[in-house]
2 protein chains.
Amino acid sequence: MPELPAFDVMTATCPSRTSLARVANKWTAMVVIALSADRMRFRDLRATVDGISSKVLTETLRDLERDGIVTRHVYAEVPPRVEYELTALGRTLHAPIHALGSWAEDHISEVLAARESYDARQCP
Amino acid sequence: MPELPAFDVMTATCPSRTSLARVANKWTAMVVIALSADRMRFRDLRATVDGISSKVLTETLRDLERDGIVTRHVYAEVPPRVEYELTALGRTLHAPIHALGSWAEDHISEVLAARESYDARQCP
DNA sequence: CCGAATCCGTGACGATACTG
DNA sequence: CAGTATCGTCACGGATTCGG
């Protein structure tokens, strides 16, 4: 008797799976973490999420906007200024994603140790 | 005064980022959720994580094994039997990833509504 | 028969250059 | 400054074959 609720996300036809796919994504996670402090403009976001390309950041933000997780504020100025912020829905993501980020930092030493011993076991 | 701890995962050179990348991944999330009930053999895992190919499941499990999140039990039988289970480290992932899965299911209707209104706004 | 390796196409990613 | 366009590369994912 598997006591788990058997999560619908596991079935390929379930729409909630597309939602999981969006959220269980490294760029999404980092963007949401960055925006959880407060709204940010594109350039600062690009600097904070170190290593992301302009193109991929744009695509990530578009997808998040489409899913109702961030909103896009365009200011008709020169130079142009565009700011992004989490929606109410996006803020509900803060806790789960923050937990994931904390996990990554808290357990990185164990992960690195596991990798080292695994690699040592594989190619001697 | 950004009160956030400024998460090292955001910097490209930080090792914890590789850990986040592994964990913030849709297949990883689904496999960990599946294994959180109890250990499972390959074939059942493949059936539970609906839509994953044999190859991708193998690779995902190898990566998780390398990172010390699952262990692999091979039984020298015929037909062959290979079982996977979460390590102690892997079980610490259960809560964060389960939270993500719950989020996906709890908010899917909002996400779908957002998508619909976004698409309606874009291509009239 | 089950688990996994091989081959191969597609699509995502990243770098660069260019426009409003 | 905030994107878009184009292109080369490569990892992901699917179909098939191998191995035990």
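Fair warning: this is a prediction, and the values are worked out from it, not measured in the lab.

K.L.:
What am I meant to see in the overall build of chain A here?
P.N.:
When you go through chain A residue by residue, the secondary structure sums to seven helices and three strands. Helices and strands in chain A line up, N terminus first, as α-α-β-α-α-β-β-α-α-α. Counting only C-alpha atoms and orienting by the principal axes, one finds that chain A spans roughly 60 × 40 × 25 Å. Relative to its 124 residues, chain A shows a buried fraction of 44%. Sequence separation of 24 or more characterises 41% of the internal contacts of chain A that already satisfy a separation of 6 or more. Of the roughly 6300 Å² that chain A leaves accessible, carbon and sulfur atoms contribute 54%. Across chain A, 15 positive and 17 negative side-chain charges occur, with their mean positions spaced 7 Å apart.

K.L.:
Would you mind going over the protein's contact with DNA strand D with me for this structure?
P.N.:
Taken together, 17 residues lie near DNA strand D, and R41, R43, R72 and Y84 of chain A together with K55 of chain B sit nearest. If you look at DNA strand D and keep only atoms within 4 Å of the protein, 67% of those are sugar or phosphate atoms. Take R41 of chain A: an N or O atom from its side chain is 2.9 Å from a phosphate oxygen of DNA strand D. For DNA strand D, a phosphate oxygen lies 2.9 Å from a polar atom in the backbone of R43 of chain A. If you list the elements that add at least two residues to the surface near DNA strand D, you get α3 (42-48), α4 (54-66) and β3 (81-86) of chain A together with α4 (54-66) of chain B. Residue contributions to the surface near DNA strand D peak at four residues, all from α4 of chain A.

K.L.:
Mind showing me how you'd approach the packing of helix α1 (residues 16-23) of chain A against helix α6 (residues 94-106) of chain B here?
P.N.:
For any two helices packed against each other, one specifies the inter-axial angle together with the distance between the axes. At a closest axis distance of 8 Å, the pairing of α1 of chain A and α6 of chain B adopts a crossing angle of 135 degrees. As far as their axial angle goes, α6 of chain B and α1 of chain A are oblique. In this structure, the crossing between α1 of chain A and α6 of chain B has a hand that is right-handed. Counted together, S16, S19, L20 and V23 of chain A of α1 of chain A and L100, G101, W103, A104 and E105 of chain B of α6 of chain B form the full contact between these two elements.

Rules and cut-offs
Residues numbered from 1 in each chain as written. Chains lettered and ligands numbered in written order. Predicted model: local features only at pLDDT ≥ 70, side-chain atom pairs only at ≥ 80, totals over all residues. Heavy atoms only, no water. Helix = DSSP H or I, 4+ residues; strand = E, 2+ residues; numbered from the N terminus. Buried < 20%, exposed > 50% of the residue type's maximum accessible area, 1.4 Å probe, protein only. Contact = heavy atoms within 4.5 Å. Areas by Shrake-Rupley, 256 points an atom, 1.4 Å probe, with all protein chains shown as cover. Lys, Arg positive; Asp, Glu negative; His and termini not counted. Charge placed at Lys NZ, Arg CZ, Asp CG, Glu CD. Near = heavy atom within 4 Å. Polar contact = N/O pair within 3.5 Å; in protein donor to acceptor, adjacent residues only side chain to side chain. Axes fitted to C-alpha atoms, helices over the stretch in contact; angles between N-to-C directions. Parallel < 35°, antiparallel > 145°, perpendicular 65-115°, else oblique. Left-handed = near helix turned anticlockwise from the far one by under 90°.

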